[in-house]
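Listed below are the residues making up each chain.
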Amino acid sequence: MGCCQPNQSGKKVSLEAIASDPSLVSIDSKDTHLNDMVLIKGGTFLMGSEDADIHVADREGPIREETVSSFYIDPTPVTNAAFSQFISETGYRTEAEQYGWSFVFHLLLSEETQESIKEIPIQSPWWRVVPGATWHHPEGIDSDIETRMDHPVVHVSWNDAQAYCRWAGKRLLHEKEWEYAARGGLLSQRYVWGNELHPQGQHMCNIWQGDFPYTNTAEDGYIGTAPVTAFPPNQYGLYSMAGDVWEWCTNNFDWDLENKDTTVKTVRGGSYLCHDSYCNRYRVAARTSNTIDSSTGNMGFRCAVDA
Ligand SMILES: [Ca+2]
Ligand SMILES: [Ca+2]
């Protein structure tokens, strides 16, 4: 919630309705192509952070040992090109398409769309409820993805991501796997590439520069999403783990607690809206969550396969 992404609590669709959606049921898995994926060898690592500026309420800490098995991971988040193929083969309709709207960050909208919007979420007033905002119209009906086929798909819910995974013969990552892969073998570093935000003055990921949430100077080159390989990969060859778009994970946000809410899932990695003066969630240990039917212009996903 808050600066990261609003949720669709105003949306009223039962889980049963989603489970019985024929567009989901008819999806057959195709053969999985492992050749483009990166094998992450299982192991034990130190998960979490105890830095002074972590979000304690998010349970980023304490640092503890976690173990993961070997798995394959996509080197990038799912792109618009890949998602287009899924849609054209299955005819799947995303939840944003079914609801008829999604959340878009205010600065990305055209003046015309901006003026037509009446509804503003109270807790995060820089978001707009935009009619017609979908994965292929990311800023509403007067926008398209033609020049952004290599950008991560957005306006996809956790349920949509699951449908894509079923089609692709893949799965989402548990956030333990996500963090293990994101750290790239580095020990307890702050970012996926090390401890410095701008090593040698270089921008290492797509986040926010300027004055959040009104002035984005885009010194890293991007005000919204970027091509998935626009910034250097981490030590495991994985692109865009930090910034650009939040990535849905498979697990409940409170997987480590006794009472689990199965409608709230973890997202990891931060997005183009993260800023060090604000939520700072492009740090590798950072985590937040959203409800399974929520979609926004800064949430996407990445896939994995068991090794
Ligand atoms: Ca940026
Ligand atoms: Ca990311």
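Quick caveat: nothing in here was measured; it's all calculated off a predicted structure.

**Here we look at a negative patch on the surface**
A cluster of acidic residues, Glu111, Glu112, Glu115 and Asp142, forms a negative patch at the surface. Look at Glu111 and you get exposed, because its relative accessible area is 66%.

**Let's talk about the sheet that holds strand 10 (residues 264-268)**
With mixed pairing, the 4 strands of this open sheet are ordered in space as 11-10-9-12. Since the sheet does not close on itself, it has two edges, and those belong to strand 11 (287-291) and strand 12 (299-301), each with one partner. Sheet twist, expressed as the average angle between the axes of neighbouring strands with direction ignored, equals 50°. Sheet analysis places strand 9 (residues 246-252) next to strand 10, joined by 3 bridges and oriented antiparallel. Within strand 10, the residue paired with Asn252 across the bridge is Lys265. Seen against the sheet, helix 6 (residues 158-168) touches strand 9, strand 10 and strand 12 and runs at an angle of roughly 85° to strand 9.

**Here we look at the sheet that holds strand 4 (residues 71-73)**
Note: strands within a sheet are paired through backbone hydrogen bonds, in either parallel or antiparallel orientation. In spatial order, the strands read 1-4-13; together these 3 strands make up an open sheet with antiparallel pairing. Two strands lie at the open edges of the sheet, namely strand 1 (38-40) and strand 13 (304-306), each paired on one side alone. Strand-to-strand twist across the sheet, computed as the mean angle between neighbouring axes with direction ignored, equals 30°. Note that strand 4 and strand 13 share 3 bridges and pair antiparallel. Each bridged residue has a counterpart across the sheet, and for Phe71 the counterpart in strand 13 is Asp306. Across the sheet, helix 7 (residues 175-183) is in contact with strand 1 and strand 4; its angle to strand 4 comes to roughly 70°.

**Overview of the coordination of the calcium ion (ligand 2)**
Binding of the calcium ion (ligand 2) to the protein goes through Ser240 (O), Met241 (O), Gly243 (O), Val245 (O) and Glu247 (OE), at separations of 2.6 to 3.2 Å. Counting residues between consecutive donors of the calcium ion (ligand 2) along the chain gives the motif S-M-x1-G-x1-V-x1-E. Of the two residues, Gly243 and Val245, neither departs from the other in class, the shared state being buried.

**Observations regarding the confidence of the model for the protein**
Averaged over the protein, the pLDDT score is 91; the fraction of residues at 70 or greater is 91%. Counting contacts from residues 10-26, a segment whose pLDDT is below 50, to residues more than four positions away or on other chains yields 20 contacts.

**Focus: the coordination of the calcium ion (ligand 1)**
Coordination of the calcium ion (ligand 1) by the protein is provided by Asn206 (OD1), Ile207 (O), Asp220 (OD), Asp220 (OD) and Tyr222 (O), with metal-donor distances spanning 2.3 to 2.6 Å. Read in sequence order, the donor residues for the calcium ion (ligand 1) give the motif N-I-x12-D-x1-Y.

**A closer look at the side chain of Ser271**
With respect to the secondary-structure elements, Ser271 resides in the loop between strand 10 and strand 11. Among the residues examined, Ser271 registers a relative accessible area of 0% and is labelled buried. Looking at Ser271, its side chain comes within polar contact range of the side chain of Asn298, at 3.0 Å. Discounting residues that sit within four places of it in the chain, Ser271 has contacts with Asn206, Ile207, Gly243, Asp244, Val245, Trp246 and Asn298.

**Notes on helix 3 (residues 80-90)**
Each α-helix winds once per 3.6 residues, and so residues spaced three or four apart point in a common direction. The set of residues buried in helix 3 consists of Asn80, Phe83, Ser84, Phe86 and Ile87. Viewed end-on, helix 3 has its buried residues packed into an arc of 160°, placing them on one side of the element. Taken from the residues just after helix 3, Gly91 is the one with a positive phi, measuring 70°.

**Considering the pattern of salt bridges**
Counting across every chain of the model gives 16 salt bridges. In this structure, Arg283 engages Glu60 in a salt bridge whose closest nitrogen and oxygen atoms are separated by 2.8 Å. Of this pair, Arg283 sits in the loop between strand 10 and strand 11 while Glu60 sits in the loop between strand 2 (43-47) and strand 3 (64-68), and the two are 223 residues apart along the sequence. Of the two residues examined, Arg283 and Glu60, each falls in the buried class. Note that Asp306 is salt-bridged to Arg171, the shortest N-O span being 2.9 Å. On the criterion of sequence distance, the pair formed by Asp306 in strand 13 and Arg171 in the loop between helix 6 and helix 7 is long-range, its members being 135 residues apart. If you follow the salt bridges from partner to partner, you end up with Glu175, Glu179, Arg183, Arg268 and Arg287 in one network.

So, how was this worked out
Residues numbered from 1 in each chain as written. Chains lettered and ligands numbered in written order. Predicted model: local features only at pLDDT ≥ 70, side-chain atom pairs only at ≥ 80, totals over all residues. Heavy atoms only, no water. Patch = residues over 30% accessible without salt bridge, like charges linked within 9 Å, V, L, I, M, F, W, Y side chains within 5 Å. Areas by Shrake-Rupley, 256 points an atom, 1.4 Å probe, with all protein chains shown as cover. Salt bridge = Lys/Arg side-chain N within 4 Å of Asp/Glu carboxyl O. Lys, Arg positive; Asp, Glu negative; His and termini not counted. Charge placed at Lys NZ, Arg CZ, Asp CG, Glu CD. Buried < 20%, exposed > 50% of the residue type's maximum accessible area, 1.4 Å probe, protein only. Pairing = 2+ DSSP bridges. Helix = DSSP H or I, 4+ residues; strand = E, 2+ residues; numbered from the N terminus. Axes fitted to C-alpha atoms, helices over the stretch in contact; angles between N-to-C directions. Contact = heavy atoms within 4.5 Å. Donors = N, O, S within 2.8 Å, 3.2 Å for Na, K, Ca; no water. pLDDT = per-residue confidence, 0-100. Polar contact = N/O pair within 3.5 Å; in protein donor to acceptor, adjacent residues only side chain to side chain. Arc of directions from axis to C-beta.

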